[in-house]
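Chain and residue survey
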Amino acid sequence: MEYVANQTSHVVATKRNFTQGLQALLQGKWIVGYAFLEQLGEVSQRQGKDANGEDVVSLLEVDYEKYWPKEEEFVTPPGSEPVPRPEAMMKPDPRRVDMLAHYTFVFLSQAQYDNLMPVVTTGGGKAMLWEVDTKVSEVEELLQYVAELAGAKERRRPRLTQTSGEGGVVVVRLQHRDDEWSVKFLQTMESELGQRSAEQNEFLDAILTVTPSDLRKPLPQASQQTNGSQTGNEPAASRITAPSRRSIDHREENPAPTTQQQQPTPTETPQPVTSKMPETTLQRPAFKMSLWTNPRRLFATSSPTPASAPRHLSRQQKKKSKR
C-alpha cells in the first residue's frame, strides 16, 4: 500500500525492512504489529445503548490519553535483517529526518530503483538509475557517470573514498546476479571506485542507527588481497556468490488480495509472528493506517505507479534502440 508523506501515522506490518517501513522510520512514524489494531478496535468500540437509546461512548472517547494503545508495546519485532536491533531503537527519532540529504544513490536496475527511490527521496536524498544491461554495459561508462555525479571536474576519476565533505555517491549493488559477467563487472567497479557497493538490506540498519555513512564504506584492505580472509565488508565478487538474501520484503510492498493467503517466495522463509489474530489473517501484507482528528476514522490507499527514473543509456543500448 502507499505511504503518504505527512499523512500516514502508523505502518502496521509483520516485518521492518520494506519500503513503507523505511519511509515511516525516516519520518518519525511507528511500525507496529497487528495486535495494535486489535487493541485500538477494543477501546474504540461502542457497546450497547444508554437509557435514552443513545450509543454508549467508547473508552477512547472517555479518555483519549489514557486508553490510546501505547505503540512501544506493539513494536514489530526484528526479522531476518542482517543486524537485528532491539525494539527500543524503533522509536521515532527526529535525527532521521533528511539524514540522506547530501547523498546520491545510483541504482543499477529498474526494480531496485522502484523499491528504494521512495525511501531515498523521503530521507532527502537523490535517486538515479543507471541500468546495467548484461554483457552490453561497460564499466568505464558507469565509472564516468559516477564521477560526474561526484562533481569531478577533471578528466581523471577520483576514488569515491577520497572525496571530501558530507554525504557522497553510493552505488547500490545488483541483486541476484551471480553469473561470471556480472561478478566481474561489479568487482571491477568497486575496485576502481575504491568503495564497496551498498546492499539493499543495509538501509534499515543505517536508518535505525542514523549513520548513512555506513552505506559508503571503503573496500577493506584485507578483502583486496587475493588470498586474504573474508570480512563482513567483502567485495562484490565474494558477496554475490554468498547465499541469496531478501533485502526488501516484496510480500509487503505488493500486497495480495486479503481474501487469499500470501505465499512466500522460494527464497524467503516465513517468520513466526505472535498475535491474537487468527493465523490466516496474519499472512496479510502490511498496509498503511492514517489517523485523523477522529481516531476512529482509518483509511488505506492503493500503491501508486512507480515514478520513471532518469535513465542512462550506454553506447551499445543507444545503438540497439535506434534499430
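Please refer to the structure higher up on the page.
We now turn to the structure provided with this report.

Each value, and the rule that gives it
Residues numbered from 1 in each chain as written. Predicted model: local features only at pLDDT ≥ 70, side-chain atom pairs only at ≥ 80, totals over all residues. Heavy atoms only, no water. Helix = DSSP H or I, 4+ residues; strand = E, 2+ residues; numbered from the N terminus. Buried < 20%, exposed > 50% of the residue type's maximum accessible area, 1.4 Å probe, protein only. Contact = heavy atoms within 4.5 Å. Areas by Shrake-Rupley, 256 points an atom, 1.4 Å probe, with all protein chains shown as cover. Pairing = 2+ DSSP bridges. Axes fitted to C-alpha atoms, helices over the stretch in contact; angles between N-to-C directions.

**Examining the overall build of the protein**
Counting its regular elements, the protein contains twelve helices and six strands. Counting the 323 residues in the protein, one finds 44% classified as buried. Put simply, of all contacts in the protein between residues at least 6 apart along the chain, 67% involve residues at least 24 apart. Of the accessible surface of the protein, which amounts to about 17,300 Å², a share of 48% is contributed by carbon and sulfur atoms.

**Re the sheet that holds strand S4 (residues 126–129)**
Here we have three strands laid out as an open sheet, ordered S4-S3-S5, and parallel in their pairing. Both edges of this open sheet fall to S4 and strand S5 (168–172), since each of them pairs with a single strand only. The average angle at which neighbouring strand axes cross in this sheet is 25°, direction not considered. As paired strands, strand S3 (residues 103–107) and S4 are joined by four bridges and run parallel to one another. Bridge pairing in S4 places Thr-104 opposite Lys-126. Sitting on the sheet, helix H5 (residues 110–122) touches S3, S4 and S5, and the angle it makes with S4 is about 170°.

**Considerations on unusual backbone geometry**
Even without glycine at this site, Asp-98 takes up a positive phi of about 60°. With respect to the helices, strands and loops of the structure, Asp-98 is situated in the loop between helix H4 (64–67) and S3. Phi is positive for Lys-135, which is not a glycine, with a value near 65°. Here Lys-135 lies in the loop between S4 and helix H6 (139–149).

**Considering the pairing of S5**
Counting buried residues along S5, five of its five residues qualify, which places the element largely inside the surrounding structure. Across five bridges, S3 lies against S5 in parallel orientation. Bridge assignment links Phe-107 to a residue of S5, and that residue is Val-172.

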